[in-house]
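Survey of secondary and tertiary structure
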Amino acid sequence: MPAPNLLNRYTRPMEGWWRRNPFYLWYMLREASCVFIIAYALVLLCGLYRLSQGEAAFNGWLAALATPRSIAFHGITAMMVLYHAWTWFKVMPKTLPFIHIGGKRMPDAAIVTSGLAAAVVLSALLFVLVWSGRS
Amino acid sequence: MTTTRIIEIECQRFNPQTDSEPHFQSYQVPFSEEMSVLQGLQYIKDHLDGSLTFRWSCRMAICGSCGSMVNGVPQLSCHTFLRDYFPDKVRIEPLNHFPVLRDLAIDQTDFLAKLESVKPYLIPDTEKTPAQGTYLQTPQQMDEYYQYSECINCLLCYAACPQYGLNKEFTGPAALALLHRYNADSRDAGSAERMEVINGENGVWGCTLVSYCSEVCPKGVDPARAINQNKINSTKDYFLRFLQPRGGK
């Protein structure tokens, strides 16, 4: 009888690992949301370039933004940006050293909440500023 | 009064002498309200199938031996209760990302080497003799590392970490959290010696902040936090060498 192979090991392959657990799916969505943010930045950059080419070119860019396809893109991108921002603040405590206030450690939930609150307030402020500056 | 119900426990089986791939085997296990998944496994071993192999010791989430995948989630089987799964079945697999030795027992040799590489012990600046007294520390200094010292090496975080699954060279959550546990200790002066592990290709930069490790940790260690603290330290270490004479040494 041959000697049993006790060194035989089984390691589960990693194929499709991100589909195995919803936590990984949300993580992949977080990573993928960057692509939409880059695309949005490129669209804005394109607008800046068209502006440098004169009024007609810029109006052409504005007209392109009003197409259903562009509106759909901006709708999806807005959702992706919101999700990305949410995940960004959710992991913020993990990137910070412990913060002590009055001898007590600031709870993670307080860090997340203050980050989110700051983002909401600043975004609203920016929105009001831009909106009131319209001619 | 405890009522007894029957739950289906499906275990991954693998015999290195006869199998090239694992398969699943189902058992009908009577259980009461207070029975853990580990007790379910022990019932199988005692009454249904003595050949089922799994590790366990303390039964109270201290020893870190009984980690396994319970319905796809890394869990201490002593810390997980059958009642929470009933009437559905419970599927138990060995911890992800580790080579399986037999049934639910994994080979943790790789982790032990990584743990050793981070020098998980105090390296004081100057050694004191017992006559010179103890190393003093304030409660706030202790708070800086205490949660990281709670690690029980159960390896749930490695089973949760896809970066470790994809690259076995990655130092991984628990070892890096323990590295930070000593670096953050005011009595320790070994940070410079551990910097090589932090900065290396498979150090903290191998982490992409999936943060599932912190989610599954049964002791609230938050390894993702320990790792990401050291991304800051690693960046500082990299840039300061340009500003300081003799490379900041």
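Attention in this report is confined to the structure presented alongside it. The structure displayed is predicted, hence computed values, not measured ones. (Residues numbered from 1 in each chain as written. Chains lettered and ligands numbered in written order. Predicted model: local features only at pLDDT ≥ 70, side-chain atom pairs only at ≥ 80, totals over all residues.)

1. Remarks on the overall build of chain A
- Helices and strands together make up the secondary structure of chain A, namely four helices and two strands.
- In summary, chain A has a C-alpha radius of gyration of 24 Å against a globular reference of 14 Å for 135 residues, an excess of more than 25%.
- The principal-axis extents of the C-alpha atoms in chain A amount to approximately 90 × 50 × 25 Å.
- Scored against the burial criterion, the 135 residues of chain A give a buried share of 4%.
- Once local pairs closer than 6 in sequence are excluded, the contacts in chain A between residues at least 24 apart make up 44%. (Helix = DSSP H or I, 4+ residues; strand = E, 2+ residues; numbered from the N terminus. Rg over C-alpha atoms; globule rule 2.2 N^0.38 Å. Buried ≥ 20, exposed ≤ 12 C-beta atoms within 10 Å, placed from the backbone. Contact = placed C-beta atoms within 7 Å.)

2. Considerations on the interface of chain B and chain A
- Listed as interface residues are 26 residues of chain B and, on the opposing side, 23 residues of chain A.
- At the level of elements, strand 6 (100-102), helix 3 (139-143), helix 5 (162-166), helix 8 (212-216) and helix 9 (223-243) of chain B are the ones that each hand at least two residues to the side of chain B that touches chain A.
- Examining the composition of the side of chain B that touches chain A, we find that four residues originate from one element, helix 9 of chain B, more than from any other.
- Looking at the side of chain B that touches chain A residue by residue, the classes come out as twelve nonpolar, eight polar and six charged. (Nonpolar A, V, L, I, M, F, W, Y, C, P; charged D, E, K, R; others polar.)

3. Some details on helix 1 (residues 22-52) of chain A
- The end-to-end C-alpha distance of helix 1 of chain A, which contains 31 residues, comes to 46 Å, matching closely the 45 Å that a straight helix rising 1.5 Å per residue would cover.
- Downstream of helix 1 of chain A by a residue or two, Gly54(A) has a phi angle that is positive, lying close to 115°. (Expected span 1.5 Å × (residues − 1).)

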